[in-house]
Structure formats: C-alpha cells, structure tokens
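The primary structure of each chain is shown beneath.
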Amino acid sequence: PTKLVKKEVPEDVEESDEIDGENGEVNITTNTTGFDTENLASHSARLIAGLVDGIILLFVVLVLLGIAGAVSQFDLALVVAGIVAYFILGWLYYGLGESSKAGGFLGKKMSKIKVVRLSDNNVPSFGMSSVRALLKILFSLTVVLPFIVFLTPRRQGLHDLACGTIVKGTEEEN
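Focus on the overall build of the protein chain
Point 1. The helix and strand inventory of the protein chain stands at 5 helices and 5 strands.
Point 2. With 174 residues in all, the protein chain has 33% of them scored as buried.
Point 3. Pairs at least 24 apart in sequence give 61% of the contacts found in the protein chain among residues at least 6 apart.
Point 4. Entry remark: accessible area of the protein chain is about 10600 Å², with carbon and sulfur atoms responsible for 65%.

So this is what it looks like as structure tokens:
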C-alpha cells in the first residue's frame, strides 16, 4: 500500500512529489508559509529610516516647544504638552506616511523600504497604520522592546506583529 506523507517546507523550496521506492510512501512537500522572505528590509535600512523619521519628528516637536516656550512660561505643563505633541504628530506622521501609496515618508523613502500588510503585500489602511504608529511610539519609550525586531524571522517589531505588517524593500530597489 502507498502511504501519503505531507511535509511543510520553507518558502524557497518548490512544491514537489517524491515516491520512496523502499517503503512505498509518497512525500508531498508544500510551502505553507505563503510569504516571500527575499525582499525583507534589512536591519540597517530600518535603522536609518527610523533615525531620519525620528529626527524629523523630534525637530518639529522641539520647534513647537521652542515657540511655545518663547511666548509662555517653560514649566511642567509645557513638557507635558511636548509629550502629547510627540504622540499626536508621530501618529499623524507615521499613520499618514505608512498608509500612503509609498508606504512611508522621508526616512523610508531614503532607505527604499515600505510598510506592507503581511496578508497581501499592500500598504495598510490609515486605521491600521495609526495603531502601528502609536504602538511603535509606545514601544520606543522602552529600552528593550525595539530590539525584538532582531529576534523575529520576518524582522518584525512588536508593533508589526500586533498589526500584521512587515517592512519590505520597495520594488524599484530590485
């Protein structure tokens, strides 16, 4: 009798059927991941994009704080306003940029990377990008959580894992 044995294999292995003559087994190997791992954004590209976007965001917040501090008293209320402005502007910057056709703003464009949904490789909606942006900002306030990206096979941060997104190289890079 022939025995059917199904095995899961990585993305880079083609689907195939093999018949083992010794014991009559038919081995069927299929790719169950359904995911292209070749064009993931490198850690260095993500770092550069994050630094550029972070510097732009921080610069805008500091300019606003400087203007507000020049016309009012620089106190705890202004510091709290700066933190709130960082969250709101970060949400808008990342949310609008990552949900755009480009998949990101200046930092990601410079690094030739973009954010896409894991399910279909399209850019995420503004709602999903908003959640991703707020989680990214929250996780960036810790020391350890941003480094999760080095431990996941698809180079996903916690914000990517929570939102079902990945960062890939843009098509023009290929």
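Moving on from the model shown.
Describing the packing of helix H1 (residues 43-71) against helix H2 (residues 76-99)
Packed helix pairs are specified by the crossing angle of their axes together with the interaxial distance, meaning the distance between the axes.
Point 1. Running from N to C, H1 and H2 cross one another at 140°; their axes reach a closest spacing of 10 Å. Judged by the inter-axis angle, H1 sits oblique to H2. The hand of the H1/H2 crossing is right-handed. Residues Asp53, Gly54, Ile56, Leu57, Val60, Val61, Leu64, Leu65, Ala68 and Gly69 of H1 form the contact with H2, whose own contacting residues are Leu78, Gly82, Ala85, Tyr86, Leu89, Gly90, Tyr93 and Tyr94.
Point 2. Split by residue class, the contact of H1 with H2 holds 13 nonpolar, 4 polar and 1 charged.

Description of the pattern of salt bridges
Point 1. Applying the stated criterion to the full structure yields 7 salt bridges.
Point 2. When the shortest N-O distance is used, the salt bridge between glutamate 98 and lysine 136 registers 3.1 Å. Highlighted residues: glutamate 98 in helix H2 and lysine 136 in helix H4 (residues 126-140), separated in sequence by 38 residues. Of the two residues examined, glutamate 98 and lysine 136, each falls in the buried class.
Point 3. Shared partners join several salt bridges into a network, and the residues in it are Arg46, Asp53, Glu98, Lys108, Arg132, Lys136 and Asp160.

Quick word on the side chain of aspartate 53
Point 1. Relative to the elements of secondary structure, aspartate 53 occurs in helix H1.
Point 2. With near-sequence residues (within four places) excluded, aspartate 53 lies in contact with Tyr93, Tyr94, Phe105, Leu106, Gly107 and Lys108.

A word on the pairing of strand S5 (residues 165-169)
Point 1. The element S5 is extensively covered by neighbouring structure, given that 5 of its 5 residues are classed as buried.
Point 2. As paired elements, strand S4 (residues 113-117) and S5 share 5 bridges and run antiparallel to each other. Bridging from a neighbouring strand, arginine 117 pairs with threonine 165 of S5.

Some words on the packing of aromatic side chains
Point 1. Throughout the structure, instances matching the rule amount to 5 aromatic pairs.
Point 2. Feature note: the residues Tyr93, Tyr94 and Phe105 constitute an aromatic cluster, connected by ring pairs.
Point 3. The ring of tyrosine 94 carries the charged tip of lysine 136 above its face, separated from the ring centre by 4.0 Å.

A few points about the confidence of the model for the protein chain
Point 1. When pLDDT is averaged along the protein chain, the result is 81, and 76% of the positions lie at 70 or above.
Point 2. Looking across the protein chain, the model is least confident in strand S3 (residues 25-31), with a mean pLDDT of 47, and most confident in S4, with 93.
Point 3. Counting contacts from residues 9-17, a segment whose pLDDT is below 50, to residues more than four positions away or on other chains yields 19 contacts.
Point 4. The low-confidence segment residues 28-33 (pLDDT under 50) makes 24 contacts with residues lying over four places distant or belonging to another chain.

Description of H1
Point 1. The end-to-end C-alpha distance of H1, which contains 29 residues, comes to 42 Å, matching closely the 42 Å that a straight helix rising 1.5 Å per residue would cover.
Point 2. Taken residue by residue, H1 has Ala45, Arg46, Ala49, Val52, Asp53, Leu57, Val61 and Leu65 as its buried positions.
Point 3. Among the structural elements, H2, helix H3 (106-111), S4, H4, helix H5 (158-163) and S5 are those in contact with the buried residues of H1.

Quick notes on the environment of glycine 95
Point 1. Among the secondary structure elements, glycine 95 is positioned in helix H2.
Point 2. Sequence-wise, glycine 95 and phenylalanine 126 are 31 residues apart; in three dimensions their C-alpha atoms are separated by 5.9 Å.
Point 3. Setting aside residues up to four positions removed in sequence, glycine 95 forms contacts with Gly90, Phe126, Ser129, Ser130 and Ala133.

About the cut-offs
Residues numbered from 1 in each chain as written. Predicted model: local features only at pLDDT ≥ 70, side-chain atom pairs only at ≥ 80, totals over all residues. Heavy atoms only, no water. Helix = DSSP H or I, 4+ residues; strand = E, 2+ residues; numbered from the N terminus. Buried < 20%, exposed > 50% of the residue type's maximum accessible area, 1.4 Å probe, protein only. Contact = heavy atoms within 4.5 Å. Areas by Shrake-Rupley, 256 points an atom, 1.4 Å probe, with all protein chains shown as cover. Axes fitted to C-alpha atoms, helices over the stretch in contact; angles between N-to-C directions. Parallel < 35°, antiparallel > 145°, perpendicular 65-115°, else oblique. Left-handed = near helix turned anticlockwise from the far one by under 90°. Nonpolar A, V, L, I, M, F, W, Y, C, P; charged D, E, K, R; others polar. Salt bridge = Lys/Arg side-chain N within 4 Å of Asp/Glu carboxyl O. Pairing = 2+ DSSP bridges. Phe/Tyr/Trp six-rings, centres within 6.5 Å; stacked < 30°, edge-to-face > 60°. Lys NZ or Arg CZ within 6 Å of the ring centre and 35° of its normal. pLDDT = per-residue confidence, 0-100. Expected span 1.5 Å × (residues − 1).

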